[in-house]
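Structural overview for review
The residues making up each chain are set out below.
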Amino acid sequence: MSLLLSVLAMASAVAPTAQALEENPAKVGEASPSSLPAPVRAMIETAIAGGDAKAVATVMAVARQANPAAAAEIDAIEAAWKVRLAEAAARAARETEHRLASASPFDNWKGQVELGASRATGNTSNLGVYGALSAERAGLKWRHKLAARADFQRTGGTTTTQRLLASWQPNYKVDDRLYVFGLAQYEHDRFVGYQNRYTLGGGLGYGVIASNAVTLDLEGGPAFRLTDLTDGATSSTFAGRASLDFAWKVTPTLQFSQTGSFYLESNDGSATALTALDTQLLGALKARFSYNIQYERGTPPGVDPVDTLSRATLIYSF
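Residues numbered from 1 in each chain as written. Predicted model: local features only at pLDDT ≥ 70, side-chain atom pairs only at ≥ 80, totals over all residues. Heavy atoms only, no water.

1. Details of the pattern of salt bridges
- Following the criterion strictly, the structure yields 16 salt bridges and no others.
- For D75, the salt bridge goes to R64, with nearest N and O atoms at 2.8 Å. In this pair, D75 is assigned in helix α4 (residues 71-102) and R64 in helix α3 (residues 53-66), connecting sequence segments eleven residues apart.
- Using a relative accessible area of 24% as the deciding quantity, one classes R64 as partly exposed.
- Between E114 and R288 there is a salt bridge; the shortest N-O distance is 3.4 Å. (Salt bridge = Lys/Arg side-chain N within 4 Å of Asp/Glu carboxyl O. Helix = DSSP H or I, 4+ residues; strand = E, 2+ residues; numbered from the N terminus. Buried < 20%, exposed > 50% of the residue type's maximum accessible area, 1.4 Å probe, protein only.)

2. Notes on the packing of aromatic side chains
- Applying the stated criterion across every chain, the model contains four aromatic pairs.
- Residues Y186 and Y198 carry aromatic rings whose centres are separated by 5.4 Å and whose planes lie at 50° to one another, so their mutual orientation is tilted. Placement of the pair is Y186 in strand β5 (residues 178-189) and Y198 in strand β6 (residues 194-210), with a sequence separation of twelve residues.
- A cation over a ring is seen here: R225 above Y263, with NZ or CZ 3.9 Å from the ring centre.
- Looking at R311, its charged tip hangs above the ring of Y130, at a distance of 3.6 Å from the centre. (Phe/Tyr/Trp six-rings, centres within 6.5 Å; stacked < 30°, edge-to-face > 60°. Lys NZ or Arg CZ within 6 Å of the ring centre and 35° of its normal.)

3. Concerning the nonpolar core
- Counting residues in hydrophobic clusters, the biggest one holds 13 residues, and the most contacted among them are L36, I44, I48, V56, M60, I74 and I77.
- Listing elements by their share of this core, those giving two or more residues are α2 (38-50), α3 and α4.
- Residues contacting I74, with those up to four places away along its chain left out, are L36, I44, M60, A63 and R64. (Core = buried A, V, L, I, M, F, W, Y, C linked by side-chain atoms within 4.5 Å. Contact = heavy atoms within 4.5 Å.)

4. Details of the sheet that holds strand β2 (residues 126-138)
- Strand order in the closed barrel formed by twelve strands is β1-β2-β3-β4-β5-β6-β7-β8-β9-β10-β11-β12, with antiparallel pairing between adjacent strands. The average undirected angle you get between the axes of adjacent strands in this sheet is 20°.
- Two strands pair when backbone bridges link them, and strand β4 (residues 158-173) and β5 are joined in this way by nine bridges, in the antiparallel orientation. Of the residues in β5, the one forming a bridge with A166 is Y186. (Pairing = 2+ DSSP bridges. Axes fitted to C-alpha atoms, helices over the stretch in contact; angles between N-to-C directions.)

5. Overview of the packing of α3 against α4
- Relative orientation of the contacting elements α3 and α4 amounts to 165°, with a least axis distance of 10 Å. Overall, the two elements α3 and α4 adopt an arrangement that is roughly antiparallel. For the pair α3 and α4, the crossing hand works out as left-handed. For the pair α3 and α4, contact is made by A53, V56, M60, A63 and R64 and by I74, D75, I77, E78 and W81, respectively.
- Tallied by class, the residues present in the contact of α3 with α4 amount to seven nonpolar, no polar and three charged. (Parallel < 35°, antiparallel > 145°, perpendicular 65-115°, else oblique. Left-handed = near helix turned anticlockwise from the far one by under 90°. Nonpolar A, V, L, I, M, F, W, Y, C, P; charged D, E, K, R; others polar.)

6. Some words on the side chain of E114
- Mapped onto the elements, E114 comes out in strand β1 (residues 109-120).
- Of note is the side chain of E114, whose polar atom sits 3.4 Å from the side chain of R288.
- A polar contact is formed between the side chain of E114 and the side chain of T313, at a distance of 2.6 Å.
- Residues in contact with E114, not counting those within four places in the same chain, are Y130, G131, A132, R288, T313, L314 and I315. (Polar contact = N/O pair within 3.5 Å; in protein donor to acceptor, adjacent residues only side chain to side chain.)

Printed below as a string of structure tokens:
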């Protein structure tokens, strides 16, 4: 704003000169090679040095209005500035490409660790522990996602929840939005009828929304599932898999997210969805309030096919 006021002030200062030229048109041909006043030029250069594209556009617009005779010169300054911006962007892209191409498999990982626990004594004895780890590495064309989760609970001396999950998803970027992915996943949850469940799958994914504030990825494809049931039997099935991953950065310190996946099999099926709200506490530390719902079709008699869980946890990002 102060920059704009300065330009307006200088424009007012040079207005008498423009009026004098109108009154004495014969002197126009005697003007110096540059018809852009030095203070206005200096203010444009200051705006460019500041790096704010909107401020530069505003300053140049005001300068054109106040100095119509120098419009061509201002246009030339703007064109040269845009060329420099394009060159800088191309140079940064090349540097990023070189950095990603030369990185080792252990570089460029980022992720988060999530922990939560509960303990009750007295009339009811309860112990609950929850932990999760997720990590992602983005390369030039390849991206790798790792995830692990453990949920354990004992009530009255009896284990009531024992759930484990680990997964790896590599994907290859076809373009800025479309990618091909693979999936390898392991699950354990004997309370819904299986000791071990192995999943191999693949398919296509697409970034429907990809902005700084909102992202939405959709995936779909076939999967093969091998399941060790709690009754000792083993089943193998083909399934169709669909998933979504949505994130909305409401404010710089508050984020809403929704993830979910669905497996459709001939006689069975499963689905899981996680809704979470993250708020930044201090530095890399965040608090998460989440609601998880899990559905398993074909559970043993007496077992509810739907499990829900609300929890508050702490997250450390790295």
